[in-house]
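If you want the building blocks of each chain, they are given just below.
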Amino acid sequence: MKRVVIGGLLFLTGTVGTLSILLFAGNERIYPNSSLDTIEEFGMTLPFWFSVLLVLLGLVILGIEYFKKDD
């Protein structure tokens, strides 16, 4: 149960971080570039990929715990 909570928190934190960066970059009224160009221009590539890593890590932990067989 403890690992499920950790995986869920990692997934939720990564999702919020990734979505907030994408929403910032996708605001085309202020910055008319593509989203990836805006992320690179503002130096947010490292936080973006870190957030994506958190999402993937959380999904892996949740997947392992879901398919784990308890005796």
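Remember, it's a predicted structure, so these values are computed and weren't measured experimentally. (Residues numbered from 1 in each chain as written. Predicted model: local features only at pLDDT ≥ 70, side-chain atom pairs only at ≥ 80, totals over all residues. Heavy atoms only, no water.)

Draft legend 1. Quick peek at the side chain of E65. Among the structural elements, E65 can be located in helix 3 (residues 45-67). Apart from residues lying up to four places away in sequence, E65 is in contact with R3 and V4. (Helix = DSSP H or I, 4+ residues; strand = E, 2+ residues; numbered from the N terminus. Contact = heavy atoms within 4.5 Å.)

Draft legend 2. Representation of the environment of I21 in the model. Among the structural elements, I21 can be located in helix 1 (residues 2-25). When the C-alpha positions of I21 and I39 are compared, they lie 7.7 Å apart, and in sequence the two are 18 residues distant. Contact partners of I21, with chain neighbours within four places excluded, come to I39, M44, P47, F48 and S51.

Draft legend 3. Structural detail: the nonpolar core. Counting 5 residues, the largest nonpolar core is built from I21, A25, I39, F48 and V52. When contributions to this core are tallied by element, the ones reaching two or more residues are helix 1 and helix 3. (Core = buried A, V, L, I, M, F, W, Y, C linked by side-chain atoms within 4.5 Å. Buried < 20%, exposed > 50% of the residue type's maximum accessible area, 1.4 Å probe, protein only.)

Draft legend 4. Quick peek at a nonpolar patch on the surface. There is a patch of nonpolar side chains on the surface, built from M1, V4, V5, L9, L12 and V16 and spanning about 600 Å² of accessible area. Mapped onto the fold, V16 is located in helix 1. Taking the relative accessible area as the measure of exposure, V16 reaches 52% and is therefore exposed. (Patch = residues over 30% accessible without salt bridge, like charges linked within 9 Å, V, L, I, M, F, W, Y side chains within 5 Å. Areas by Shrake-Rupley, 256 points an atom, 1.4 Å probe, with all protein chains shown as cover. Salt bridge = Lys/Arg side-chain N within 4 Å of Asp/Glu carboxyl O.)

Draft legend 5. A look at the packing of aromatic side chains. Under the counting rule described, the total for this entry stands at 3 aromatic pairs. Relative to F42, the ring of F24 lies with its centre 5.2 Å away and its plane at 80°, an arrangement referred to as edge-to-face. On the criterion of sequence distance, the pair formed by F24 in helix 1 and F42 in the loop between helix 2 (35-41) and helix 3 is long-range, its members being 18 residues apart. Their ring planes at 85° and their centres at 4.9 Å tell us that Y66 and F67 sit as a pair that is edge-to-face. Residues Y66 and F67 agree in their burial class; the two are exposed. (Phe/Tyr/Trp six-rings, centres within 6.5 Å; stacked < 30°, edge-to-face > 60°.)

Draft legend 6. Structural view of the confidence of the model for the protein. Scored by pLDDT, the protein has a mean of 89; 90% of the residues are at 70 or more. Mean pLDDT values over the elements of the protein span from 83, in helix 2, up to 96, in helix 3. (pLDDT = per-residue confidence, 0-100.)

Draft legend 7. Spotlight on the pattern of salt bridges. Throughout the structure, instances matching the rule amount to 2 salt bridges. With its nearest N and O atoms 3.7 Å apart, the salt bridge here joins E65 to R3. Of this pair, E65 sits in helix 3 while R3 is found in helix 1, placing the two residues 62 residues apart along the sequence. One salt bridge connects K68 with E65, and the closest N-O pair in it is separated by 3.9 Å. A residue is classified by how much of its surface remains accessible, and K68, at 39% relative accessible area, is partly exposed. In this structure, a network of salt bridges that share partners links the residues R3, E65 and K68.

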